[in-house]
Amino acid sequence: MNHLLISCSIVCICLVSSISRAQQPSPASLRQALGMAPDTLQPLSPTRPDTTQLNSADRPDTVRQSTPGNAGISPPATRDSSQTSPAPTQPGQPAGEATAATGTLRGRLVTVQGGKNQPIEFASVGVFRTRDSSSVTGGLTDENGYFSIANLSPDIYYILIQSLGYAPKRIPRITVSADNAAVNLGNVIITETSQQLEEVVVQGQRQAYEYSLDRKIVNVDQLPIAQGGSAVDILQNVPSVTLDVDGVLSLRGSSNVIVLVDGKPSGLTGLDRQAILEQIPASNIERIEIITNPSSRFDADGAAGIINIVLKKERAAGFNGTVQLNVGTRDKYNASINLNARFKKLNLFGSYNFREDRRFQYRISDRQNLFTDSTSFLAQRNDAVRRRVNNNLRLGFDYTLSERDNITVSALYRPGYSYDSEVETFDTQDENRLSLGQIYRTNEEREPERGIDYTLGYRRTFPKKGRELSFDATLSTNKGTEFQRFTNTTTLPETLLTPNFLIGDQRATNDRDNRVGVLQLDYVEPLKGKKRLEGGLKYTTRQLGANYVFENLEGPDWVLNPGISNNFIYDEQTSAAYVNLGNELKKFSYQVGLRTEYTSISTDQRTTSQRNTTDYIYLFPSAFVNYNLSQAQKLQINYTRRINRPSVRVLNPFIDLSDPLNIRFGNPLLNPELINSFELSHLWNGKSTSLTSSLFFRQTNNEITNYRTLREDGITEQTSLNLNRSQNYGLEVVLNQDITRWWKASGNFSFFQRSILASADVPDILSRTNRSWTGRVTFDLKPTRQTAIQLVYNYRSPFLVAQGTINSFTNVDLGVKQTVLKGRGTLSLRVSDVFNTLQFQSDSFGPNFLATSLSKRESRIGFIGFSYRLSRQISREQDRDNDDRQPDNPAGDPDFSN
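Residues numbered from 1 in each chain as written. Predicted model: local features only at pLDDT ≥ 70, side-chain atom pairs only at ≥ 80, totals over all residues. Heavy atoms only, no water.

1. Some words on the overall build of the protein chain
- Across its full length, the protein chain holds eight helices and 46 strands.
- Looking at the protein chain as a whole, 51% of its 898 residues are labelled buried.
- Surface accessibility of the protein chain: about 38,900 Å² in total, with carbon and sulfur atoms responsible for 56%. (Helix = DSSP H or I, 4+ residues; strand = E, 2+ residues; numbered from the N terminus. Buried < 20%, exposed > 50% of the residue type's maximum accessible area, 1.4 Å probe, protein only. Areas by Shrake-Rupley, 256 points an atom, 1.4 Å probe, with all protein chains shown as cover.)

This is the structure in structure tokens:
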């Protein structure tokens, strides 16, 4: 392993040196870097570096014009020698030799696969003088393996050929003279070396978790525990994040989290969070970013922060792709293919993902009704099987209009289908827990849906370094129709039946139509010194509609039930502007910003003719200060103001009777939450240890919480209220430790306390103080270069909510990845919740009731999968060029730097 690291480091140093000085180490140093035995036939004295020994992964930039820094590198050679560029005079070379250069060296680089010669593209061909091993010139093979090097002076040369994944090839004593000016080497055969390929794979591997002062990044491809799952399976193993059985996502103890897809709202945001996360397969996700305190450049939504899901988009030169297939226990399947092809200025990319998931779940609840003159109990059990089929087809392209202009166009089509089957039992009991009768309810539910996301991006750079203009436009739609069929039977006396619990058959349809559009303009201007000014405008529109029609079967006819039917329209328009100013002063750097957002919201409950309109404008300042204590330590303090707008669900006054004995309805009069957030962070990187610690404080005004009451007829009602305020503060620590060369461990610990203060018109029982903590330990083992093992243990302590307590829960996940087929393929095995311990239990209370609930969703799941890389070529140089032309964050909301 040490030899591997040394070799990789030397190769990287050589590569950087060749780009910055148009020079390269001598063959002796190259042979040493590659782990080859010394060449005893050639002198070992220091020689001039060669500009031509580029790695095969470092493909030429076909878009940019030649610059002095790469004048010594010939463009990709073709069969026509006239298309090659003359080599410049090398330092120390007699001037007369350049004018006497007449020789040409040609050939074709191939390898034998399946008994046939296969060309090797973009391999480096270096030419050296035999008499002193000095570098003369060189070039790269083209797409068909051909190379042609012209303008060689009469002399005796040798060449050195290198390409990632292949053994270096040295051809000695090539004579160029007046009588032998055109030398044709014919087919030059090189052989694959699995050892070198393995080293390259290790060298280019990202860490599964990356930590900085302002965010955490989860690289999904490096998570064996995420193979075959969805975004839900990834987030369940992300530090600071918890996700319960109902899809309630919490970050540092707060559920006010904004979920973005590629940095922007999606049409999926009209659905609940679990629906968003379940519809995105892990195979389609490149990384997940958790930003706990975003700057003014980001939307002000989300009290706890932003979770940004970045989808995959290949950028490597040439043709590249991966295919993946996963099969799980109990009818779970998913497959994906990701492709990209770059042709000079045009990059085409596409992907298709299929996911079918079938899971069982159950919920057991028990409620004690405490009336002034009696006590009764209600025991419920719900058993369900939920099946989801999702498809994602993504097509798009990047096109370089000019040296400074680039556009990106893409479309994502996502049809899906869900089918749920539920059986529920309601057991009404007296004070001695003797059954008075039962109600049996079945529900068959199916929902076809489809969505399309359109994206257009434009980016322009300027001659002034750092100046940049970008524009993004997105339109995201989601349409679906939910069909439900209910059947209710009972053994209860009619006198004990509640009016809303209809016996017999019912059916319902729910037509949903969601549209989210975003227009965004960003500009960055570098100022004197290291100052940087950035500003932008953004307009967001959300139009969400739901038309719910409920019918009763009366005899042979279906009759509309207007008391349960509902048609609700939500329209939100937000206009925003921001400005940020940053600067670096030796060890200090800072960024201050201000964002303003004007929001207009209208809700129309057409069934009951309830209309509500509200509009408001707020300022959202932000400030970040960094101090570099040393190269290994950084300190940051920041402040942001944020907003949490009530969701469509909590605003809709429609009474949800999906559980007739526990009904829900929204509150259209809710005000948005306003949050002041402070954070102090310290980052330390040692040789084999890194430690990130953060102290945070968050005060929320107009805190929104759910409130549940019990009526005299035994039915509970749940709605949402604005409280006075809440305060959250805590400590978060992330530790990464290299135990050995093949064993790494990381730990995450979060402690937070939350105090809720109810207002005068809200029941005092909602004023509570909550202390809780979460812990996560991850072990990454790499017993061989081809094998990776990941073991994760998660724990969350009990924590309080406004009207109860959520008990602790824990789980262990295991993942294994094995590289096969000389690095082209990967076998994976994943077992989530190995010990089947992940379940959610809660206790709740009100003025006249006590309740407990236990929810269990199928969580112990085994997946076995296989992925195959269609191309092994790794283009680091091309990727760097792409990064120069693309925003820091391809999602459209660039990272802020402090």
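Moving on from the model shown.
2. A few points about the confidence of the model for the protein chain
- Per-residue confidence for the protein chain averages 78 on the pLDDT scale, and 77% of its residues sit at or above 70.
- Under a pLDDT of 50 for its full length, residues 1-100 has, in the predicted model, 182 contacts with residues more than four places off or in other chains.
- Note that pLDDT drops below 50 for residues 872-898; the model gives that stretch 97 contacts with residues more than four away or on any other chain. (pLDDT = per-residue confidence, 0-100. Contact = heavy atoms within 4.5 Å.)

3. Some details on the pattern of salt bridges
- Under the definition given, this model contains 37 salt bridges.
- Glutamate 422 is paired through a salt bridge with arginine 386; the nearest N and O atoms lie 2.7 Å apart. Note that glutamate 422 is positioned in strand 21 (residues 416-429) and arginine 386 in strand 19 (residues 375-400), a separation of 36 residues in sequence.
- For glutamate 572, the salt bridge is made with arginine 542, and the minimal N-O distance between the two is 2.7 Å. Remark: arginine 542 occurs in strand 25 (residues 532-554) and glutamate 572 occurs in strand 27 (residues 566-585); sequence separation between them is 30 residues. (Salt bridge = Lys/Arg side-chain N within 4 Å of Asp/Glu carboxyl O.)

4. Remarks on the pairing of strand 45 (residues 849-857)
- Among the nine residues in strand 45, seven count as buried, and that is most of the element.
- Across seven bridges, the pairing between strand 44 (residues 840-846) and strand 45 is antiparallel. Within strand 45, the position partnered with glycine 846 by the bridge is phenylalanine 849.
- Between strand 44 and the antiparallel strand that follows it, strand 45, lie two residues. (Pairing = 2+ DSSP bridges.)

5. A short note on the packing of aromatic side chains
- Scanning all chains against the criterion turns up 14 aromatic pairs.
- Measuring from centroid to centroid gives 5.0 Å for tryptophan 773 and tyrosine 795, while their planes differ by 45°, and the two rings are tilted. Of this pair, tryptophan 773 sits in strand 38 (residues 768-784) while tyrosine 795 sits in strand 39 (residues 787-796); the two residues are 22 residues apart in sequence, bridging distant segments of the chain.
- By relative accessible area, tryptophan 773 is classed as partly exposed at 36%.
- Taken together, the ring pairs in this structure connect Phe486, Tyr548, Phe550 and Phe654 into an aromatic cluster.
- Lying across the ring of tyrosine 158, arginine 170 places its NZ or CZ 4.1 Å from the centre.
- The ring of tyrosine 362 has arginine 381 sitting right over it, with the charged end atom 4.9 Å from the ring centre. (Phe/Tyr/Trp six-rings, centres within 6.5 Å; stacked < 30°, edge-to-face > 60°. Lys NZ or Arg CZ within 6 Å of the ring centre and 35° of its normal.)

6. Digging into the environment of phenylalanine 863
- Topologically, phenylalanine 863 is positioned in strand 46 (residues 861-869).
- Separated by 537 residues in sequence, phenylalanine 863 and asparagine 326 place their C-alpha atoms 6.4 Å apart.

7. Describing unusual backbone geometry
- Positive phi outside glycine occurs at lysine 586, with the angle close to 55°.
- Assignment of secondary structure puts lysine 586 in the loop between strand 27 and strand 28 (588-605).
- For lysine 586, a relative accessible area of 87% translates into the label exposed.
- One non-glycine residue with positive phi stands out, namely serine 609, at about 60°.
- Structurally, serine 609 is set in the loop between strand 28 and strand 29 (610-628).

8. A word on the pairing of strand 21
- Here strand 19 runs beside strand 21; their pairing, made up of 14 bridges, is antiparallel. Residue pairing for strand 21: arginine 386 is matched across the bridge by aspartate 420.
- Where strand 21 meets strand 22 (residues 435-461), 14 bridges bridge the pair, whose relative direction is antiparallel. Within strand 22, the residue paired with valine 423 across the bridge is threonine 442.

9. As for the sheet that holds strand 4 (residues 135-140)
- As summarised here, the arrangement of the four strands in space is 4-3-6-7, forming an open sheet in which the pairing is antiparallel. Bordering the open sheet on either side are strand 4 and strand 7 (169-176), each of which pairs with just one other strand. Each strand of the sheet is rotated relative to its neighbour by a mean of 25°, with strand direction disregarded.
- The pairing of strand 6 (residues 155-162) with strand 7 spans six bridges and is antiparallel. Note on strand 7: the bridge partner recorded for leucine 160 is arginine 170. (Axes fitted to C-alpha atoms, helices over the stretch in contact; angles between N-to-C directions.)

10. Here's the deal with the sheet that holds strand 34 (residues 704-710)
- Pairing is mixed in the open sheet, where three strands are placed in the order 31-35-34. Each end of this open sheet is capped by a strand with a single partner; those strands are strand 31 (662-664) and strand 34. Taking the axes of each pair of neighbouring strands and ignoring which way they run, one obtains an average angle of 30° across the sheet.
- Examined bridge by bridge, strand 34 and strand 35 (residues 716-722) share seven bridges and lie antiparallel to one another. Note that in strand 35 the partner of threonine 709 across the bridge is glutamate 717.

11. Some remarks on the environment of valine 327
- Examined against the element boundaries, valine 327 turns out to sit in strand 16 (residues 318-328).
- For valine 327, a relative accessible area of 35% puts it in the partly exposed group.
- The spacing of valine 327 and glycine 862 is 535 residues in sequence and 8.3 Å in space, taken between C-alpha atoms.
- If we skip the residues at most four places from it in the chain, valine 327 touches Lys332, Tyr333, Gly862, Phe863 and Ile864.

12. Quick word on the nonpolar core
- Ranked by internal contacts, the top residues of the largest apolar core, which has 20 residues, are Leu105, Leu109, Val127, Leu152 and Ile159.
- Non-local contacts of valine 127, meaning those with residues more than four positions away in its chain, are made with Leu105, Ser134, Ser135, Val136, Thr137, Gly138, Ile149, Leu152, Tyr157, Tyr158 and Ile159.
- Counting 19 residues, the second largest nonpolar core, distinct from the first, contains Leu251, Val261, Ile290 and Ile309. (Core = buried A, V, L, I, M, F, W, Y, C linked by side-chain atoms within 4.5 Å.)

13. A closer look at the side chain of glutamine 506
- Locating glutamine 506 in the fold gives a position in strand 24 (residues 504-526).
- Take glutamine 506: its relative accessible area is 3%, and that puts it in the buried class.
- A polar contact is formed between the side chain of glutamine 506 and the side chain of asparagine 488, at a distance of 2.9 Å.
- In this view, glutamine 506 contacts Gln484, Arg485, Phe486, Asn488, Phe550, Glu551, Asn552 and Trp558; residues no more than four positions away in its chain are not counted. (Polar contact = N/O pair within 3.5 Å; in protein donor to acceptor, adjacent residues only side chain to side chain.)

14. A look at the environment of glycine 823
- Structurally, glycine 823 is set in the loop between strand 42 (809-820) and strand 43 (825-832).
- For glycine 823, a relative accessible area of 11% gives the class buried.
- Taking C-alpha positions, glycine 823 is 8.1 Å from glutamine 786, a pair spaced 37 residues apart along the chain.

15. With respect to a nonpolar patch on the surface
- Together, Leu585, Phe588, Val625, Leu629, Leu635, Ile637, Leu680, Leu695, Leu731, Phe749, Phe751 and Trp773 line one region of the surface with nonpolar side chains, adding up to about 980 Å² of accessible area.
- Broken down by secondary-structure element, the contributors of at least two residues to the nonpolar patch are strand 30 (633-644) and strand 37 (743-757).
- Locating valine 625 in the fold gives a position in strand 29. (Patch = residues over 30% accessible without salt bridge, like charges linked within 9 Å, V, L, I, M, F, W, Y side chains within 5 Å.)

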